[in-house]
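Results of the structural survey
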Amino acid sequence: MAPRRPPELYRAPFPLYTVRLHPRRPLAITAGGGGAAKTGIRNGVHFLQLEQIGGQLSASLLHSHDTETRATMTMALAGDIIAAGQDASCHILRFSLQAPEAPSGSAGRNGSGEKGPRKRRGPSPAGQSDTQSQTSEVTVESLHSVRTDFSPDALQKAVRFNADGSLLVTGGADGFLRLWEFPSMKKTLEFKAHDGEIEDIALGPDNKVSVRPLPGPAGRAVPGHPRSVQVVTAGRDFQCCVWQQDQLVTGLRWNENLPGIPDKAYRYQACRFGAVEDNAGALRLYTVQVPHKRERRPPPCYLTKWDGKSFLPLLTRPCGTEVISCLSVSDSGTFLGLGTVTGSVAIHIAFSLQRLYYVKEAHGIVVTDVAFVPESQRGRELLAGNEAALLSVAVDSRCKLHLLPSRRSLPVWLLLLLCAGLIVATILLLQLAFPGFL
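Here's what I pulled together on the structure shown here. In this text, all values refer to a predicted model and were calculated from it rather than measured experimentally.

With that settled, the discussion passes to the overall build of the chain. Tallying secondary structure elements over the chain gives two helices and 30 strands in all. Burial statistics for the chain: of 438 residues in total, 46% are counted as buried. Long-range contacts, defined as pairs at least 24 residues apart, comprise 52% of the intrachain contacts of the chain with a sequence gap of at least 6. About 22200 Å² of surface is accessible on the chain, with carbon and sulfur atoms providing 54% of the total.

Another aspect to go through is the side chain of Thr139. Relative to the helices and strands, Thr139 is located in strand 9 (residues 137-147). Within the structure, the side chain of Thr139 is placed 2.6 Å from the side chain of Ser96, a separation counted as a polar contact.

This brings us to the pattern of salt bridges. Summed over the entire model, instances satisfying the criterion amount to 20 salt bridges. Residue Arg42 pairs with Asp66 through a salt bridge whose shortest N-O separation is 3.7 Å. Here the residue Arg42 occupies a position in the loop between strand 3 (27-33) and strand 4 (43-53), and Asp66 occupies one in strand 5 (residues 56-66), the gap between them amounting to 24 residues. Judged by its relative accessible area of 54%, Arg42 falls in the exposed class. Salt-bridge contacts for Glu190 lead to Lys187; the nearest nitrogen and oxygen are separated by 3.1 Å. The partly exposed category is assigned to Glu190, whose relative accessible area is 37%. For Lys187, a relative accessible area of 35% puts it in the partly exposed group.

All right, on to the sheet that holds strand 11 (residues 167-172) then. Remark on secondary structure: sheet strands pair via backbone hydrogen bonds, oriented parallel or antiparallel. Read across the sheet, four strands follow the order 10-11-12-13 without closing on themselves; strand pairing throughout is antiparallel. Of all the strands in the sheet, just strand 10 (156-161) and strand 13 (187-192) have a single pairing partner and so form its edges. The mean inter-strand angle of the sheet, taken between neighbouring strand axes irrespective of direction, is 15°. Where strand 11 lies against strand 12 (residues 176-181), five bridges are found, and the strand directions are antiparallel. Within the sheet, the bridge partner assigned to Gly171 lies in strand 12 and is Leu177.

The next subject is the environment of Ala265. Examined against the element boundaries, Ala265 turns out to sit in the loop between strand 19 (247-251) and strand 20 (266-276). For the pair formed by Ala265 and Gln289, sequence separation is 24 residues and the distance between their alpha carbons is 9.7 Å. Excluding residues that lie within four positions of it along the chain, Ala265 makes contacts with Val290, Pro291 and His292.

Before going further, it helps to examine the nonpolar core. Leu21, Leu50, Val373, Leu391 and Cys399 are the most contacted members of the largest nonpolar core, which totals 21 residues. Secondary-structure elements contributing two or more residues to this core are strand 1 (8-11), strand 2 (16-21), strand 4, strand 5, helix 1 (377-383), strand 29 (388-394) and strand 30 (398-404). Setting aside its immediate chain neighbours within four residues, Cys399 contacts Pro7, Glu8, Leu9, Tyr10, Leu16, Leu391, Ser392 and Val393. Among the nonpolar cores identified, the runner-up in size contains 17 residues, and Val242, Tyr266, Tyr268 and Tyr302 belong to it.

Here we take up the pairing of strand 21 (residues 279-291). Taking burial as the measure, the 13 residues of strand 21 include ten buried ones, the bulk of the element. Inspection of the sheet shows strand 20 paired to strand 21 by ten bridges, in the antiparallel sense. Paired with Arg272 across the strands is Tyr286, a residue of strand 21. The turn linking strand 20 back onto strand 21 is made up of two residues, and Asp278 within it adopts a positive phi angle of 65°. Across six bridges, the pairing between strand 21 and strand 22 (residues 302-307) is antiparallel. Within strand 22, the residue paired with Thr287 across the bridge is Thr304.

With that out of the way, let us pick up unusual backbone geometry. Here the bond from Phe182 into Pro183 is cis, since omega is 15°, no more than 30 degrees from zero. As for its position among the elements, Pro183 is in the loop between strand 12 and strand 13. If you check the backbone angles, Met185 has positive phi at about 55° while not being a glycine. Looking at where Met185 falls in the secondary structure, it is placed in the loop between strand 12 and strand 13. You can call Met185 buried: its relative accessible area is 6%. The phi angle at Glu361 is positive, at roughly 50°, despite the residue not being glycine. Residue position: Glu361 is located in the loop between strand 27 (355-359) and strand 28 (367-372). Among the residues examined, Glu361 registers a relative accessible area of 45% and is labelled partly exposed.

Our focus in this paragraph is the packing of aromatic side chains. As enumerated under the stated definition, the model contains seven aromatic pairs in all. On the basis of an interplanar angle of 85° and a centroid distance of 5.5 Å, the ring pair of Phe161 and Phe182 is categorised as edge-to-face. Of this pair, Phe161 sits in strand 10 while Phe182 is found in the loop between strand 12 and strand 13, placing the two residues 21 residues apart along the sequence. The pair formed by Phe161 and Phe182 is uniform in burial state, with each residue classed as buried. Aromatic pair Phe191 and Trp243: ring centres 4.8 Å apart, planes at 55°, arrangement tilted.

Pairing within the open sheet is antiparallel, and its four strands lie in the order 20-21-22-23. The sheet is open, and its two borders are formed by strand 20 and strand 23 (313-318), each paired with just one other strand. Each adjacent strand pair in this sheet contributes to an overall mean axis angle of 20°, direction not counted.

Each value, and the rule that gives it
- The written sequence of each chain sets the order in which its residues are numbered from 1.
- Totals for whole chains, interfaces and linings use every residue, but because this is a predicted model, local features are given only for residues with pLDDT of at least 70 and side-chain atom pairs only at 80 or more, for both listing and counting.
- Side-chain figures throughout are based on the complete set of non-hydrogen atoms in the structure, without hydrogens or water.
- Secondary structure elements follow DSSP: runs of H or I of four or more residues count as helices, runs of E of two or more count as strands, with numbering from the N terminus.
- Buried, partly exposed and exposed residues are distinguished by accessible area as a fraction of the type maximum, computed with a 1.4 Å probe on protein chains only: under 20%, between the cut-offs, and over 50%, respectively.
- Any pair of residues with heavy atoms lying within 4.5 Å of one another is described as a contacting pair.
- Per-residue and other accessible areas were derived by the Shrake-Rupley procedure at a 1.4 Å probe size, with only the shown protein chains allowed to occlude residues.
- Throughout this description, a polar contact denotes any pair of N or O atoms lying within 3.5 Å of each other; where both atoms belong to protein, one of them has to be capable of donating a hydrogen while the other can accept it, and for residues adjacent in sequence the pair is counted only when both atoms sit in side chains.
- Basic side-chain nitrogens of Lys or Arg form a salt bridge, by our definition, when they fall within 4 Å of a carboxyl oxygen of Asp or Glu.
- A pair of strands counts as paired when DSSP detects no fewer than two bridges linking them.
- Interaxial angle, 0 to 180 degrees, is taken between N-to-C directions of lines fitted to C-alpha atoms, where a helix line uses only the stretch in contact.
- Remark: nonpolar core denotes a set of buried residues (Ala, Val, Leu, Ile, Met, Phe, Trp, Tyr, Cys) joined through side-chain atoms within 4.5 Å.
- Centre distance within 6.5 Å is the pairing criterion for rings of Phe, Tyr and Trp, where only the six-membered ring of Trp is used; planes under 30 degrees apart are then read as stacked, over 60 as edge-to-face, and the remainder as tilted.

As structure tokens, this is what we get:
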């Protein structure tokens, strides 16, 4: 049976390009806009509070942060820090959630000086002023802004934080990969990774940056250089590369065991690392390959699963003829979320790459980003018994919710008990039918 139409969580007053969920708070952050064109469409970052109401997940706007003439196209989240890709620059924002203050006079603005929605209770008793609700308020401050792309098109296309938030990696239309120390935003590395645009960047979950001390005077150590960081980049030049700092480790070849597919018939669209369920030491890399040229009879797109340490291909499967636009991996590495340029959304099982959920044209136009609800304690409260929840955003300004109900399964002990009962029942029936059988 096909899934029902996904519910609409939120509708923004501008096209949406990216969405991220806070790992420890019931908070979704989505952003987009109309860019610098004078069309009257605003640009902003919206903070949404997620909560269960009547057994259903709902979202309400907490705060709208105005980004002036810059639309946010890409975004990375590290705790309460946002790295927002806006045109050719990366803007670093820090947000904080605060308990509502007691009303005083006509306080209509939050700490950031921007208008933010305030929810109030119903009419208060005579002689008393209105009281604020218990909804937290968001304040946003700008920390840094650095230019991350120098191409004529001037567009940062990908941004990622490493696991401990000490490093930021950006890639853009000029094909250069740039590494930045955080929070200083000092550029530590820059090199040409692809001939043309960088479509996506992946950093492994264990990619922490530690400093190797150098010997100093009197035997004391002084700060050294960051140890090398492994980065995977997907480019529009048909290449997907693994880098150790600026040294090429290997180039991935997803079709080497598929001789019927020419090298330049497909290009890499997305890459993501993922954990392996019930195997803490394992790591997987997932890539999406899409046809380079549009054809009247479109060929299928492909998903490939790789060993995340040896980078050997483990499994490749077709994933439909709709061109994939975005990819996400759940925290446990159990599910893959896909969005397409025709507005469809799908969830695949990471182990077998088989499709488990699919809604055709869930959005009216290209899906720009998808993100799973975190599998933290707070995230599981939001799931309310569902196995997974995926948020999708699109140029149609909508954020939609895709729920994956828990797959019913019997515990092993119960299955063994049923088997034993079946054997006993069979023996008793044989004894009744053939006296003296035993």
